[in-house]
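Given next are the chains, with one letter for each unit.
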Amino acid sequence: MSRFLSERYRSLEPYTPGEQPKCDGLIKLNTNENPFPPSPGVTDAINSAELGKLNLYPDPEAKDLIEAASRYYGVPENMIMAGNGSDELLAFSFMAFQKNGRIAFPDISYGFYEVYAGIFGATALKIPLDDSLKVNIDDYCGAEAMIVLANPNAQTGTAVGLDEIEKVLKTNENSVVLVDEAYVNFGAESSLQLTQKYDNLLVIQTFSKARNLAGGRVGLAFADSEIIKDLNKIKYSFNPYNLNRLSILAAVASINDDEYFKSCVGQITDTRKIFVGGMEELGFFALPSLANFVLVRHDKISGAEFYRELRERNILVRHFNDRRIADYVRITIGGREDMAALTEAAREILARRD
Ligand SMILES: *Cc1c(COP(=O)(O)O)cnc(C)c1O
């Protein structure tokens, strides 16, 4: 730390992204990326003519993307905003909507929530998941705080239903309820249409997981038009050209190739089922996941050791030191062969412990 760093950031604990190692031959199942490349339409859209326009600023409104999203989701354009990854939209939201300086979210969820609460000077109210690592929705009713729920939840993969989201919305009429739907396409119910009914609902989605575009950095926010105006106010006070030209093109092309999107998501959810079945046969316990990852543990091996043993076999997964999930590892659902290789490695690791 230099002696120049502002006092207010001295104790900030930054987010730790999953490793992005360069070496080939590694099976990378640690950051919930999509195993499939972007739609061929994306490659076509980013052509040399478009590259030749990089001397020009992008459209600050990302109008082409907002129009495409409006058509696709059936939500009016003034209820949508695009961000440089959903992380940026989360940041804008934490700046804009903390309630009396308070933001409530589950004790086990996306690590960035706590970091954003810290950097934007809010108090993080970490509400414990129940003993089966699920969200207990009653804990969020009348919370007197901005509420942030990832649905499905990050790290656990479990989801709540729309009736439960509605309960939170109704009991927190004067707070923004942010539903982070990074993983929603892998089997959970989206709250998107509820934005037409509740003016305190803010739904954020990403192109990083189900839309094969983690490297493109695109996210979308959906909410009542007044909330979207507020978010734009923050954006135009911070970074008006938040999406670059190529990412806007990529995102539009992704929306326009719905068949490819559905096919990739279908393959991932099929693989999830086969993978979980295989791991259960080996005696693993898997939390019921509606995301593109599963949290698994086994009585015979600690989470840290399983992580290390897999790593020795060139398979990279994610282990969290958080006490409540330290027994588990989080495994991204990748291609079918990679998952079979992991199951085989797990069999071998366990056999050596008998
Ligand atoms: C991956 C993830 C994000 C970040 O998405 P980007 O669009 O890549 O910034 C946000 N929220 C959750 C819960 C995630 O898992």
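Reading the values: rules and limits
- Residues numbered from 1 in each chain as written.
- Predicted model: local features only at pLDDT ≥ 70, side-chain atom pairs only at ≥ 80, totals over all residues.
- Heavy atoms only, no water.
- 1 Å grid on protein atoms, 1.4 Å probe; cavity = no way out; pocket = protein on both sides within 12 Å on 5 of 7 lines; lining within 4 Å.
- Points joined across faces, edges and corners; volume = space filled by probe spheres on them.
- Helix = DSSP H or I, 4+ residues; strand = E, 2+ residues; numbered from the N terminus.
- Nonpolar A, V, L, I, M, F, W, Y, C, P; charged D, E, K, R; others polar.
- Buried < 20%, exposed > 50% of the residue type's maximum accessible area, 1.4 Å probe, protein only.
- Contact = heavy atoms within 4.5 Å.
- Expected span 1.5 Å × (residues − 1).
- Right-handed = clockwise from strand over helix to strand, strands pointing away.
- Pairing = 2+ DSSP bridges.

Student: Help me understand the layout of surface pockets, please; the structure alone is not making it clear to me.
Tutor: If a probe the size of a water molecule is rolled over the atoms, the empty space left behind becomes visible. By volume, the largest pocket amounts to about 660 Å³. What lines the largest pocket is a set of 26 residues, and nearest its centre among them are Tyr15, Tyr110, Gly111, Glu114 and Phe320. Among the elements of the structure, strand S3 (102-106) and helix H5 (112-119) are those that each provide at least two residues to the lining of the largest pocket. For the lining of the largest pocket, the class distribution of residues is 11 nonpolar, eight polar and seven charged. Roughly 570 Å³ of volume is contained in the second largest pocket.

Student: Sorry if this is basic, but what is going on with helix H3 (residues 63-73) here?
Tutor: Residues lying three or four places apart along an α-helix face the same way, a consequence of the helix completing one turn every 3.6 residues. The set of residues buried in H3 consists of Leu65, Ile66, Ala68, Ala69, Ser70 and Tyr73. Those residues of H3 hidden inside the fold are in contact with strand S2 (80-83), strand S7 (201-206), strand S8 (219-223) and helix H8 (245-256). Phi for Gly74, located one or two positions after H3, is positive at around 65°.

Student: What is the right way to read helix H9 (residues 258-281) from this model?
Tutor: With 24 residues, H9 extends 35 Å between its outermost C-alpha atoms, agreeing within 8% with the 34 Å of an ideal straight helix rising 1.5 Å per residue. Those residues of H9 that sit buried are Phe261, Cys264, Val265, Ile268, Thr271, Arg272, Phe275, Val276, Gly278 and Met279. Summarising the contacts, the buried residues of H9 are in contact with H3, strand S9 (285-286), strand S10 (293-297), helix H10 (303-312), strand S12 (329-332) and helix H11 (336-351). Count one or two residues on from H9 and you reach Gly283, which has phi positive near 95°.

Student: Explain the pairing of strand S6 (residues 177-180) here, please?
Tutor: Note on strand geometry: in a regular strand, side chains alternate between the two faces of the sheet. Burial of S6 is two-sided: the residues Val177 and Val179 facing one way and the residues Leu178 and Asp180 facing the other way are all buried. Since strand S5 (residues 146-150) and S6 lie parallel, the crossover through helix H6 (residues 162-170) that links them has a hand, and here it is right-handed. The sheet contact formed by S6 and S7 spans four bridges and is parallel. From the neighbouring strand, Asp180 faces S7, where its bridge partner is Ile204.

By themselves, these are just geometric observations and shouldn't be taken as functional.
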